[in-house]
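# Structure assessment
The primary structure of each chain is shown beneath.
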Amino acid sequence: MKIPARTRSSLNRHLFDDAQVPDALRHLLVDISRAAKYISYAIQTTEAGLAGAVNQFGEEQQKLDVLSDDIVREFLCENHLVSTYVSEEQKEVIELEANAPYSVVFDPLDGSSLIEANFAIGSIFGVYEGNTVLGRKPKEQVGALYVLYGPRTVLVYTTGKGVHMFILNDVGEFILLEENMGVADDAKNYSPGNLRALDENPGYRKAMDRWLTEHMTLRYSGCMVADIHHILSKGQGVFTNVGGSKYPEGKLRLPFECGPFAFLMEQAGGTATDGTQPIMEKTIQSVDQRTPLIIGSKNEVERIVAMMQ
Ligand code: AHG
Ligand code: MN
Ligand code: MN
């Protein structure tokens, strides 16, 4: 039988024909994308507000954080492919099925303090083979993706064969929008997180002064998914979140925030470092491990690292 010519490429088809990932990984990634559709729907329909609980870092959880975490959990349980997972909203590693092939890390809702402002927010996922992510390095990920809930909902994934973007269409399918997203070596845009650190981190102030002097373009929303997506979609830029007294290691977590983005950025031709070593080489020691992050266009990342030394 003749297979009909492609009119559009769904995420499933792309994973099957282009990325040619093992079936189990394809199922898992598609299930994660299904969870994201429910999160997207929840964002549009749930009344924003505080749930009254705090997460493991003592931060206030919003209803949608909790809800999104539950949604992802449900999908990860359903497919019997997940041995353990680490979520921003859970204090410990969660065990599902001892002999299942994959472990997943995720931030179910990133940028959740922006919900009331109706800014773009996102979800971040990383996938490892095996039954733990502790003791592992982000370079061992077999898949990473994020979903950005903005004016459009888009999903961007890598399985180590480039970075590809899909748009959620009206019938609830993720359809290919852009293949092989690339990031140039030089940056025109900058996205400086944790600016509280400027006073205690003279190298960071030097970097900031230079961005201002060189009239680079500021693009910072307060949601790393949106801010790093900006770099990937414009094909250049740099995003930072480095240490100061409030957050000595910066604000962002290695397992489910920096790790997945490091994989995506390297696949797009950019780079990600903590200032001394590549994020991809850092060992995950705990679920709440933070790390400084300088990510984006290679030359700009190098310049900032040099200034911070
Ligand atoms: P989360 O909503 O999951 O807690 O993460 C928000 C993060 C990240 O998306 C963003 O880059 C950073 O917090 C913003 O920090 P500042 O408020 O210090 O800019
Ligand atoms: Mn986050
Ligand atoms: Mn979050």
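Every chain's residues receive numbers from 1 upward, in the order its sequence appears when written. By the order in which they are written, chains take letters starting at A while ligands take numbers starting at 1. Only residues with pLDDT of at least 70 get local features here, since the model is predicted, and only at 80 or more are side-chain atom pairs given and counted; chain-wide, interface and lining totals rely on the full set of residues. Just so you know, side-chain values use all the structure's heavy atoms and leave hydrogens and water out.

## Examining the sheet that holds strand β10 (residues 174-178)
- By definition, two strands form a pair when at least two bridges between them are found by DSSP. Numbering goes from the N terminus for both helices and strands, where a helix is a DSSP run of H or I of at least four residues and a strand is a run of E of at least two. Pairing is mixed in the open sheet, where eight strands are placed in the order β4-β3-β5-β6-β7-β8-β9-β10. This sheet does not close on itself; its edge strands, each paired only once, are β4 (94-95) and β10.
- Note that strand β9 (residues 164-168) and β10 share four bridges and pair antiparallel. From the neighbouring strand, Leu168 faces β10, where its bridge partner is Phe174.

## Observations regarding the pairing of strand β13 (residues 238-241)
- Three labels apply to residues, based on accessible area from a 1.4 Å probe with only protein chains included: buried if under 20% of the type maximum, exposed if over 50%, partly exposed otherwise in between. Side chains of β13 alternate between two faces, with Val238 and Thr240 and Phe239 and Asn241 buried alike.
- Relative to β13, strand β11 (residues 189-193) runs parallel, the two being bridged by four bridges. Directly across from Pro192, in β13, lies its bridge partner Thr240.
- Where β13 meets strand β15 (residues 293-296), four bridges bridge the pair, whose relative direction is antiparallel. Of the residues in β15, the one forming a bridge with Asn241 is Leu293.

## Considerations on the nonpolar core
- Of all hydrophobic cores here, the largest spans 80 residues; its most connected members are Leu28, Ile32, Leu76, Val104, Val127, Phe261 and Leu293.
- Dropping the residues within four chain positions of it, Leu76 is found in contact with Leu28, Ile32, Val82, Tyr85, Leu96, Val104 and Phe106.
- Listed in part, the 16 residues of the second largest apolar core include Ala197, Leu198, Val242 and Ile294. Put simply, a nonpolar core is a bunch of buried Ala, Val, Leu, Ile, Met, Phe, Trp, Tyr and Cys residues held in one set by side-chain atoms that sit within 4.5 Å of each other. Contacts are assigned to residue pairs with any non-hydrogen atoms lying within 4.5 Å of each other.

## Some remarks on the coordination of the manganese ion (ligand 2)
- Distances define the donors: N, O and S atoms within 2.8 Å of the metal qualify, as do those within 3.2 Å of Na, K or Ca. Water is excluded, so some sites may look unfinished. Protein coordination of the manganese ion (ligand 2) is provided by Asp107 (OD), Asp110 (OD) and Glu257 (OE), with donor distances spanning 1.9 to 2.2 Å.
- Each donor residue of the manganese ion (ligand 2) lies on one chain, and together they are spaced D-x2-D-x146-E.
- Separation of the manganese ion (ligand 2) from the manganese ion (ligand 3) amounts to 3.7 Å, with Asp107 serving as a shared donor to the pair. Taken together, the residues span a long stretch of sequence, with Asp107 in strand β5 (residues 102-110) and Glu257 in helix α6 (residues 254-267) at a distance of 150 residues. Like Glu257, Asp107 is buried.

## Focus on the coordination of the manganese ion (ligand 3)
- Protein ligation of the manganese ion (ligand 3) involves Glu88 (OE), Asp107 (OD) and Leu109 (O), the donor distances falling in the range 2.1 to 2.5 Å.
- Between consecutive donors of the manganese ion (ligand 3), the numbers of intervening residues give the motif E-x18-D-x1-L.
- Its relative accessible area of 7% is what places Glu88 among the buried residues.

## Digging into unusual backbone geometry
- The residue His80 is not glycine, and still its phi comes out positive at about 55 degrees.
- Residue placement: His80 occurs in the loop between α3 (63-78) and β3 (82-87).
- The phi dihedral of His215 is positive, around 55 degrees, even though this residue is not glycine.
- Relative to the elements of secondary structure, His215 occurs in the loop between α4 (202-213) and β12 (217-218).
- Classification of His215 as exposed rests on a relative accessible area of 69%.

## Describing the site of ligand 1
- Around ligand 1, a shell composed of 16 residues is seen, among which Glu88, Asp110, Gly111, Tyr220 and Met224 lie nearest.
- One of the side-chain N or O atoms of Tyr220 is found 2.4 Å from an oxygen atom in ligand 1.
- We call Asp, Glu, Lys and Arg charged. Ala, Val, Leu, Ile, Met, Phe, Trp, Tyr, Cys and Pro are nonpolar, and the rest, Gly among them, are polar. Each residue belonging to the shell around ligand 1 can be placed in one class, and the counts come to six nonpolar, four polar and six charged.
- Structurally, the shell around ligand 1 is a two-domain feature, drawing no fewer than three residues from each of domain 1 (11-178) and domain 2 (189-308). A cutoff of 4 Å decides nearness: a residue is near a molecule or strand if any of its heavy atoms lies inside that distance of it. Polar contacts here mean pairs of N or O atoms no more than 3.5 Å apart (in protein, one a potential hydrogen donor and the other a potential acceptor; neighbouring residues in sequence count only if both atoms are side-chain atoms). The source of the domain bounds is an automatic or database domain assignment.

## As for the packing of aromatic side chains
- Ring pairs are drawn from Phe, Tyr and Trp, using the six-membered ring of Trp, whenever the two centres fall within 6.5 Å, and their geometry is named by plane angle: stacked under 30 degrees, edge-to-face over 60, tilted for the rest. For the coordinates displayed, the defined rule picks out seven aromatic pairs.
- Relative to Trp211, the ring of Tyr190 lies with its centre 4.9 Å away and its plane at 20 degrees, an arrangement referred to as stacked. Taken together, the residues Tyr190 in strand β11 and Trp211 in helix α4 connect sequence positions 21 residues apart.
- Trp211 gets classed as buried once you look at its relative accessible area, which sits at 0%.
- What links up through ring pairs into an aromatic cluster is the set Tyr85, Phe106 and Phe125.

## Examining the domain arrangement of the chain
- Domain annotation for the chain reports domain 1 (11-178) and domain 2 (189-308).
- In this assembly, 50 residues from domain 1 lie in contact with 31 residues from domain 2.
- The buried area of a pairing is the accessible area, by a 1.4 Å probe, that goes missing from both parts when the two are put together, added over both. When the two sides are added together, the surface that domain 1 and domain 2 hide from each other amounts to roughly 3,000 Å², 68% of it contributed by carbon and sulfur.
- It is Phe57, Pro138 and Tyr146 in domain 1 that bury the most area against domain 2; as a group they hold 19% of the surface buried on that side.
- We define a salt bridge as a side-chain nitrogen of Lys or Arg found within 4 Å of a carboxyl oxygen belonging to Asp or Glu. Taken together, domain 1 and domain 2 are joined by two salt bridges.
- Here Arg253 ties to Glu88 by a salt bridge, and the two come within 3.9 Å at their closest N and O atoms.
- At seven residues, strand β6 (residues 121-129) tops the list of elements feeding residues into the side of domain 1 that touches domain 2.
- Grouping the constituent residues of the side of domain 1 that touches domain 2 by class yields 26 nonpolar, 14 polar and 10 charged.

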